[in-house]
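Chain by chain, the residues:
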There are 2 protein chains.
Amino acid sequence: MERIYLYDTTLRDGAQREGISFSVEDKLRVAHKLDDLGVAFIEGGWPGANPKDDLFFERLRGESFKHSAVAAFCSTRRPGLRAEADEGLKKVLAAGTEWVTTFGKCWDLHVHAGLRTSLEENLAMIEETVAFLRFSGRRVIFDCEHWFDGFAKNPDYALASLQAAARAGAEWLVLCDTNGGMLPKQIRESVGAVRAFCEAQDLAAGLGIHTHNDSETAVANALAAVELGARMVHGTINGYGERCGNANLCALLPNLQLKMGYELVSPDQLGCLTEVAHFVSEVANLAPNDHAAYVGASAFAHKGGIHVSAVQRNPQTYEHIVPESVGNRRRILVSDQAGLSNILHKLADLGFRFERHDPAVAHILQQIKQLEAEGYQFEAAEASFELLVRECLKVREPFFTLEGLYTACQTFPDQSVRSEATVRVRVGRALQHTAADGNGPVSALDAALRKALVGFYPQVASMHLVDYKVRILEGNLGTSALTRVLVESSDGTGRWTTIGVSPNIIEASCRAVIEGLEYGLSRGRR
Amino acid sequence: MERIYLYDTTLRDGAQREGISFSVEDKLRVAHKLDDLGVAFIEGGWPGANPKDDLFFERLRGESFKHSAVAAFCSTRRPGLRAEADEGLKKVLAAGTEWVTTFGKCWDLHVHAGLRTSLEENLAMIEETVAFLRFSGRRVIFDCEHWFDGFAKNPDYALASLQAAARAGAEWLVLCDTNGGMLPKQIRESVGAVRAFCEAQDLAAGLGIHTHNDSETAVANALAAVELGARMVHGTINGYGERCGNANLCALLPNLQLKMGYELVSPDQLGCLTEVAHFVSEVANLAPNDHAAYVGASAFAHKGGIHVSAVQRNPQTYEHIVPESVGNRRRILVSDQAGLSNILHKLADLGFRFERHDPAVAHILQQIKQLEAEGYQFEAAEASFELLVRECLKVREPFFTLEGLYTACQTFPDQSVRSEATVRVRVGRALQHTAADGNGPVSALDAALRKALVGFYPQVASMHLVDYKVRILEGNLGTSALTRVLVESSDGTGRWTTIGVSPNIIEASCRAVIEGLEYGLSRGRR
C-alpha cells in the first residue's frame, strides 16, 4: 500500500487556538514528542511572524530528530516585488529548514478582497516564490489556501494556481479547507477532479489535505481525501486550532492505521498516542478532553454489570479497537449498576487480588451500593473509592481526625464579604485548634486544615486544590436537597479526586477536602 | 426533497455521559426546548430503568408539545417469555407515548455473548415485541443494535433481524453503530446494501441512522447514511453521550439544512440553535465547548489584521455560513457590533421596542458585556436578564435591599452540623433584622430572607427554591476561583431562573436568591 505522510501543525496552526501560547521551550518539547510519535513532518512555525518562532528555529539547529522533518511556514511574496527582495522569504530561508511550506491564494475572491491584486500577479507570486525557494535549495510544500471554495467558485483559476506551484517545483500540493465549511461529499468530488487534472497534465507533485472542524467533519474530510488519493494529511494534536480547530491527528492516525490499513508509524509509536495527547494538553495548559476519540479517559469506559461481563468475556462486543493499541485503557466505572466483575476489576487495579466469592468483596460491594444510595458516586472519585476499600479491608491509615468545625461568612459595611473557618484537628495525641480566612468558606476551611496539619506532615505544603465541583441531587428540593461535592487535589506530581455528600454544602465540601488531604498523605507514604 | 426526521436522544443516550444526572424538572425543561427547536422526535427515557424516567413520563401527561412526538425506549422482551408477560414492556406501555423505540440484537456475537440465547429465539424476540407493541396501539421505531458490526460479520442474520422487525410492523429501522467504530466509507456501503435489500423485499419501513463518536466521525457517518437514503437521524444536543458521545445534533442540523438543502426546521428555529445548545449545557451543569462547530463561542471568532477587514468587506472570505443563521455571532476583538440584533430581539420579547441606534440599547449591550466578562451568563437566567434590562431602563422596582448578611455553619459534639443565617433587610423605611436555621448556609439564608419579607409581601410565602446549580469558573484556581450560582424559583404558577457570580459561594448564592425573590414579586405585581 502507498505510504501516507502525517504532517503536524500543532506548533503553528494549533497555536492559533484562543488561550494557547507556547514558549520556545514548550515548542521544543512538543517537537520531540512528535518525533517520538513518528510523524513525517513537523511544521515548527512562521519565521518573522513573531520573535518566538525565530528563536525556535535558531534553537532547532542544535536539535536532531529521528523520524520527523521540520518545515518552516511562510506566505508567497508580496505583490509587485521580486521574491529575492521579500522580507518574509529572507526570514524563512534564515530558519534553515530542509522543507518550506508556503501558502498562496487559490480563490479569486481572496485575490481581490484579500490581496487586492490582479489574478495574473497572484499566479506570478506563487510560481516565483516556489521557484525562488527551490533555487535556494529548499524542498517545497504548497498550501492551496481556500482551495475548496475557490475550486467551487472558479475551478479554472484554482487549477491554474495549483499548476503554477507544481510547474515551479513544489513536491506537494496541499488542498486546504481554510474556512472549514466543507462536507465529505464535496471533498471527494473536488479531490477526485484535482487528481484527474494532475494525471492529465502529468504533474509530478503529490496531493495533501488540510481540513478544519467548522462543520465537525474535519477528520472525515481528511479521510475522504485519502480515499481519493491524497497522501499527505495535515492536522494537530487534540485538534487544537483557531475557531473550531484543525483535523485531530489523535483520531486521524488510528483511523488510518487501525481501520484503513495504512502503516504510518510503528505499533509501539501508536501505543504512545494517548500519552502524547495528554502531554500536549499539559504543555498547552488545557484540560484534556475526557470524551476524545481513542485517547480520552472515557473513550473505553464501561458502565453496568451485564455489559461489563460481556466485555470481559469478549472485548469486541463493546470496544471498536483494543484500547492498549493507542496507549489507552479500559475503565470500569463504579456506578450503582456495579456488578461483582466491576469491583473485582477495580480491586485488581488497586493491587488487591480476590476470589469471586471472597466475603470481603461482597462487603465492599454492599458498602458501595449503600453509599451510592446516599448520593455518593465513585465514577469520578477514584481516590475516595480507594480509601473506602482500605476502610473495608481495615488497612486505612488514620493520619488525622477532624473533631470540630466552624465557618462564618459575613458582609461588612464597606459591602465586602469575608469568610473565616475554625477547625479542631487531632493528630495522634495532639489537638490543633486553628483558624484561617478565605475567599469563601471552603477555601477558608482548606487553609485552616493545612495550617493544622503542616507541622505534622510537611508534605501538605505541596498539596493544593485543583478543581471543585458541586452538584445538587434531586434538584426539585432546592437548596435543602443533598449536595454532592467533588474535589480534585494535586501535589505537583499527580492528581486525585475525592467526594463528599451531605445536605449541608459545607459539610460535603469538608469531607471531600479532608479525604483529598488524607489520600495525598497515603500517596506520599507509598 | 424528501423530509429528514431529527430524533433527539439527549434525555436517554445523552444522559449516559459520565457526570450528567438530569432531575425530572431538568428533563421537562430540556424537552420543551427541543420542542421549540422543532425536532421531530424526543426520546424521553427508558421506563422502568429508573424511578426518574417513570416520573418523567407521568409528568409528561400534563404537558403538550407543538412540534415534537415523544418516544419511550425499551429493549425487546427477555428470552423464553411471552411479550405480554415482560415487565419492561408493561412499563413502556404504561408510559403512554404514541411512539415506542425498541432495540434488538442484530449481531450474532451479541446474541450468544450478551443475551446467551439462540439466533432463532432472538428473531422471535424482535418480531413478537414489535407485534405486541403494534397490537397495543403503539407506533414502533426499531433500533438495530450493533448493526454495522453485525452486518459486516454475518450479513444474512443481520438482515433477518431487520426483516423480522419490519414484518411485524416497525415503521422505522434505525441502523446503529453502537460501538462507534465505523468510518463513513463503511457506512455508505452498509446503508446502500440495506436499502437495496429493503427495495428487493419491498419493506415499507423508513431507514434511520444512529452513530457514536468513537472514531470522531459520528456526524460524517450520519451524513453518509443520509446520502444513501436514511431519513431519520439520531443524535444529542452538544453530542453528549457515553464514552465519546453521540452524533452532535448541533452540527448535524445546520449541515443538513444549510449545506445539503433539507428543510428540517424553520429558519427561526434554526436561529435558536446556539441558545438551545447553551441552555442544555447549563441544565447539565457542564461548561459549554467554546470550540464547538456552529454554536461555540469561538466558532466565528476572528483575530485582528487583514483577516478582520477582509471579513468585514466580505464575510464569505472567512466564514462558511452566516453566524446569525444558527443564532451565533461573529466575534471580532475590536469594536464588536455583533449581538445588537440579539438584544433587540430579546428586548422585544420583554415588551420593550427600540430603534437599532437607540443609546439605551447600546447601554444595555455594554452592561451585558461587562457582566459577561465578570463570569455572568444570561442564556439560562432569563429573570436576571430582565431585572438587568429594567435596571438599565430605570424601571426596576426597589422591593427591598439587603444591608447585612451573616452565615455560620458548625459541627456539634453529637457530630451534627447546623447552619444559621442572619440578615438585615430594608423595606422602605423599615429595617428587618431576622435570623433562621437551615440544612446549609443557603437554605438558612433563604429562610431568613423570607421571614424578613413575608410581613410586607405575603406572596413570598408561596415562593420557593426549585433548583440550585453551582459551577466553578477557571477551575484550575480551585476553591478560590469565581463561583457561578443559578437558582430556579417558583410561586406555584411559574418558574424563573436567576444568577449570581462571586469569588465567594455564599455571596454568589445570596445574589441569585435575592433576585429570585425580587423577580417573583415583580412578576406578582404584573
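Residues numbered from 1 in each chain as written. Chains lettered and ligands numbered in written order. Predicted model: local features only at pLDDT ≥ 70, side-chain atom pairs only at ≥ 80, totals over all residues. Heavy atoms only, no water.

**Q** Would you mind going over the pairing of strand 2 (residues 41–45) of chain A in detail, with residue names and values included?
**A** If a strand is regular, its side chains alternate between the two faces of the sheet. All names here are of chain A. Burial analysis of strand 2 places five of its five residues in the buried class, which makes it a mostly covered element. Relative to strand 3 (residues 69–75), strand 2 runs parallel, the two sharing four bridges. Along strand 3, the bridge assignment pairs glycine 45 with alanine 72. Between strand 2 and its parallel partner strand 3, the chain crosses via helix 2 (residues 51–60), and the hand of that crossover is right-handed. (Buried < 20%, exposed > 50% of the residue type's maximum accessible area, 1.4 Å probe, protein only. Helix = DSSP H or I, 4+ residues; strand = E, 2+ residues; numbered from the N terminus. Pairing = 2+ DSSP bridges. Right-handed = clockwise from strand over helix to strand, strands pointing away.)

**Q** Report on the confidence of the model for chain A, specifying residues and quantitative values.
**A** Residue and element names in this part refer to chain A. The share of residues in chain A with pLDDT of 70 or more is 96%, and the mean pLDDT across the chain is 91. Segment residues 475–479 is flagged for pLDDT under 50; beyond a separation of four residues in sequence, or across chains, it makes 16 contacts in the model. Model confidence for the complex: the whole-complex pTM is 0.78, and ipTM, which rates the interface, is 0.78. (pLDDT = per-residue confidence, 0-100. Contact = heavy atoms within 4.5 Å.)

**Q** Outline the packing of aromatic side chains, supporting the account with residue identities and numerical values.
**A** Residue and element names in this part refer to chain A. Within the structure shown, the criterion is met by 26 aromatic pairs over all chains. A ring pair is formed by tryptophan 46 and phenylalanine 103, whose centres lie 5.6 Å apart and whose planes are at 85°; its orientation type is edge-to-face. Here tryptophan 46 is found in the loop between strand 2 and helix 2, whereas its partner phenylalanine 103 is found in strand 4 (residues 99–105), with 57 residues between them in sequence. One aromatic cluster in this structure is built from Tyr5, Tyr7, Phe41, Trp99 and Trp172. Lying across the ring of phenylalanine 412, arginine 418 places its NZ or CZ 4.0 Å from the centre. (Phe/Tyr/Trp six-rings, centres within 6.5 Å; stacked < 30°, edge-to-face > 60°. Lys NZ or Arg CZ within 6 Å of the ring centre and 35° of its normal.)

**Q** Please give an account of the interface of chain A and chain B that cites residues and values.
**A** If you look at the interface, chain A gives 91 residues, while chain B gives 95 residues. Between chain A and chain B, a total of about 8,100 Å² is buried, with carbon and sulfur atoms accounting for 51% of that surface. Between the two partners, chain A and chain B, sit three salt bridges. Where glutamate 18 of chain B meets arginine 331 of chain A, a salt bridge forms, and the shortest distance between an N and an O atom there is 3.0 Å. (Buried area = accessible area lost by both parts, 1.4 Å probe. Salt bridge = Lys/Arg side-chain N within 4 Å of Asp/Glu carboxyl O.)

**Q** Provide a residue-level description of the packing of helix 15 (residues 359–373) of chain A against helix 16 (residues 382–392) of chain A, including the pertinent values.
**A** All names here are of chain A. Two numbers describe how helix 15 lies on helix 16: the axes approach to 10 Å, and their chain directions differ by 130°. Taken together, the axes of helix 15 and helix 16 lie oblique to each other. Note on packing geometry: the crossing formed by helix 15 with helix 16 is right-handed. Along the contact surface, helix 15 presents His363, Ile364, Gln367, Ile368 and Leu371, while helix 16 presents Phe385, Leu388, Val389 and Cys392. Its residues assigned to classes, the contact of helix 15 with helix 16 shows seven nonpolar, two polar and no charged. (Axes fitted to C-alpha atoms, helices over the stretch in contact; angles between N-to-C directions. Parallel < 35°, antiparallel > 145°, perpendicular 65-115°, else oblique. Left-handed = near helix turned anticlockwise from the far one by under 90°. Nonpolar A, V, L, I, M, F, W, Y, C, P; charged D, E, K, R; others polar.)

**Q** Break down empty space enclosed by the protein for me, citing the residues and quoting the values.
**A** Think of a ball as big as a water molecule: rolled over the atoms, this probe shows where empty space is left. All names here are of chain B. This model, assessed by the stated rule, comprises eleven cavities of 30 Å³ or more. Arg29, Glu282, Val283, Ala380, Asp467, Tyr468, Lys469, Leu486, Val487, Glu488 and Thr497 are the residues that line the largest cavity. Counting only elements with at least two residues in the lining of the largest cavity, the list comes to helix 12 (273–283), strand 14 (464–472) and strand 15 (483–490). Residue composition of the lining of the largest cavity, by class: five nonpolar, one polar and five charged. (1 Å grid on protein atoms, 1.4 Å probe; cavity = no way out; pocket = protein on both sides within 12 Å on 5 of 7 lines; lining within 4 Å. Points joined across faces, edges and corners; volume = space filled by probe spheres on them.)

**Q** Can you explain the sheet that holds strand 11 (residues 401–411) of chain A? Please cite residues and give values.
**A** Think of a sheet as strands paired side by side through backbone hydrogen bonds, with each pair either parallel or antiparallel. The six strands lie next to each other as 13(A)-12(A)-11(A)-11(B)-12(B)-13(B), forming an open sheet whose pairing is antiparallel. In the strand order of this sheet, the two ends are held by strand 13 (430–438) of chain A together with strand 13 (430–438) of chain B, each with one partner. For this sheet, the mean angle separating the axes of adjacent strands, direction not counted, is 10°. Where strand 12 (residues 417–427) of chain A lies against strand 13 of chain A, nine bridges are found, and the strand directions are antiparallel. Bridge pairing links valine 425 of chain A to glutamine 432 of chain A in strand 13 of chain A. Those strands touched by helix 18 (residues 505–525) of chain A are strand 11 of chain A together with strand 11 (401–411) and strand 12 (417–427) of chain B, and its axis lies near 130° from that of strand 11 of chain A.

**Q** Any details on helix 7 (residues 155–167) of chain B? Residues and values, ideally.
**A** All names here are of chain B. Its 13 residues give helix 7 an end-to-end C-alpha distance of 18 Å, which sits within 8% of 18 Å, the value for a rise of 1.5 Å per residue. Residues of helix 7 that are buried include every one of Tyr157, Ala158, Leu159, Ser161, Leu162, Gln163, Ala164, Ala165 and Ala166, and no others. Phi for glycine 169, located one or two positions after helix 7, is positive at around 110°. (Expected span 1.5 Å × (residues − 1).)

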